[in-house]
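Commentary on secondary and tertiary structure
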Amino acid sequence: MSNPDSFISEVTDEVRRDRLFAMFRKYGWIGGLLVIGVVGGAAYTEWSKAREAARAQSFGDAMLDAVDLGAPEDRAEAIASVPADEGQVALKQLMLATDAGSDKAAALKALDVLIADQAQPQIYRDLATLRRVMLVGKDQPIADRRAALESIAVPGRAFRTLAAEQLAYLLVEDGKTDEAIAALAALMQDQDAPQGMRQRAGQMITALGGTPPETVPAAGAAADLGVDAG
């Protein structure tokens, strides 16, 4: 050979190719499975999203069709017949309880079912509790309504400030004017309370003969106004 180094290099490369092909024949199926797994996983994810979107749209369309019916009893029957699962069950129960023309007893029953359903998200159950207290009104003792509201008027709960507002109204109903004014004033100082709620609290304080306090900016308002909260 005129060039032994070149010959050796070619042989070495050939051996490497043979080894590579042998390894591919032996283990190539693993790579194939990985590719199939990745592609299949992506396809399943997209299919799941499409199915979920279709399910949500079907539920929404059925609920809209139901509430468009004229008679309250027809709306209630149509809403009750809409297929639902998971969080949709909570939404359906809330719809049954918020129809302006619905039967009060039936609405309270729907809310009770939702409140007692431990499988439903806490936020829906809290909303049902709040709605129930507002709907039942004086048909239920103040102490019972207060206990229900206090269970959701705690830090971290989504409807804490709404529950606090209703608790203040219970104090008004109970004739405890000074305590009600103090509770409403505290609500006006609560950074989590939206502006509309603060305005209602101030108007109620004035109606009760008190003087609304100066309010602090709502959470995030200082940043929006370019004010240094520190």
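The preceding data block contains the structure.
These numbers come from a predicted model, not from an experiment. Each residue is numbered by its place in its chain's sequence as written, counting from 1. Local features in this predicted model are restricted to residues of pLDDT 70 or higher, and side-chain atom pairs are both shown and tallied only at a pLDDT of 80 or more, whereas totals for entire chains, interfaces and linings draw on every residue. Excluded from the side-chain calculation are hydrogens and water; included are all heavy atoms of the structure.

1. Side note on the overall build of the chain
Counting from the N terminus, the helices are the DSSP runs of H or I reaching at least four residues and the strands are the DSSP runs of E reaching at least two. Within the chain, the regular secondary structure consists of ten helices and zero strands. Starting at the N terminus and walking to the C terminus, you meet the elements of the chain as α-α-α-α-α-α-α-α-α-α. In this scheme, a residue with accessible area under 20% of its type's maximum is buried, one over 50% is exposed, and one in between is partly exposed, where area comes from a 1.4 Å probe on protein chains only. Buried residues in the chain amount to 27% of all 230 residues. What makes two residues a contact is simply this: any of their non-hydrogen atoms within 4.5 Å. Of all intrachain contacts in the chain linking residues separated by at least 6 positions in sequence, the fraction that spans at least 24 positions is 48%. Values of accessible area rely on a 1.4 Å probe in the Shrake-Rupley scheme; residue burial ignores everything except the protein chains shown. Roughly 14,600 Å² of accessible area belongs to the chain as shown, and the carbon and sulfur atoms make up 59% of that amount.

2. What to know about the environment of Thr161
Assignment of secondary structure puts Thr161 in helix α7 (residues 160–173). Of the residues examined, Thr161 reaches a relative accessible area of 9% and is grouped as buried. Along the primary structure Thr161 and Ala193 are separated by 32 residues, whereas in three dimensions their C-alpha atoms are 5.9 Å apart. Leave out the neighbours within four places in its chain, and Thr161 touches Leu187, Asp190, Asp192, Ala193, Pro194 and Met197.

3. Thoughts on the packing of α7 against helix α9 (residues 195–207)
For helices, the fitted line uses only the C-alpha atoms of the stretch in contact; every axis is such a line through C-alpha atoms, and the angle between N-to-C directions lies from 0 to 180 degrees. Direction vectors running N to C along α7 and α9 enclose 10 degrees, while the axes themselves pass 11 Å from each other. Relative to α9, α7 is oriented roughly parallel. Within the contact between the two elements, α7 uses Thr161, Leu162, Glu165 and Tyr169 and α9 uses Met197, Arg200 and Met204. Considering only residue class, the contact of α7 with α9 consists of four nonpolar, one polar and two charged. Should an angle fall under 35 degrees it is called roughly parallel, over 145 degrees roughly antiparallel, and 65 to 115 degrees roughly perpendicular, with every other angle called oblique. Here the nonpolar group is Ala, Val, Leu, Ile, Met, Phe, Trp, Tyr, Cys and Pro; Asp, Glu, Lys and Arg are the charged ones; every other residue, Gly included, is treated as polar.

4. Remarks on the packing of helix α6 (residues 142–150) against α7
Interaxial distance between α6 and α7 falls to 9 Å at its minimum, and their mutual angle equals 160 degrees. Relative to α7, α6 is oriented roughly antiparallel. Between α6 and α7 lies a crossing of left-handed hand. The segment α6 lies against α7, with Ile142, Arg145, Arg146, Leu149 and Glu150 engaging Ala163, Gln166, Leu167, Leu170, Leu171 and Glu173. Class assignment for the residues of the contact of α6 with α7 results in six nonpolar, one polar and four charged. Crossing handedness: left-handed means the near helix sits turned counterclockwise from the far one by under a right angle, and right-handed means the same turn made clockwise.

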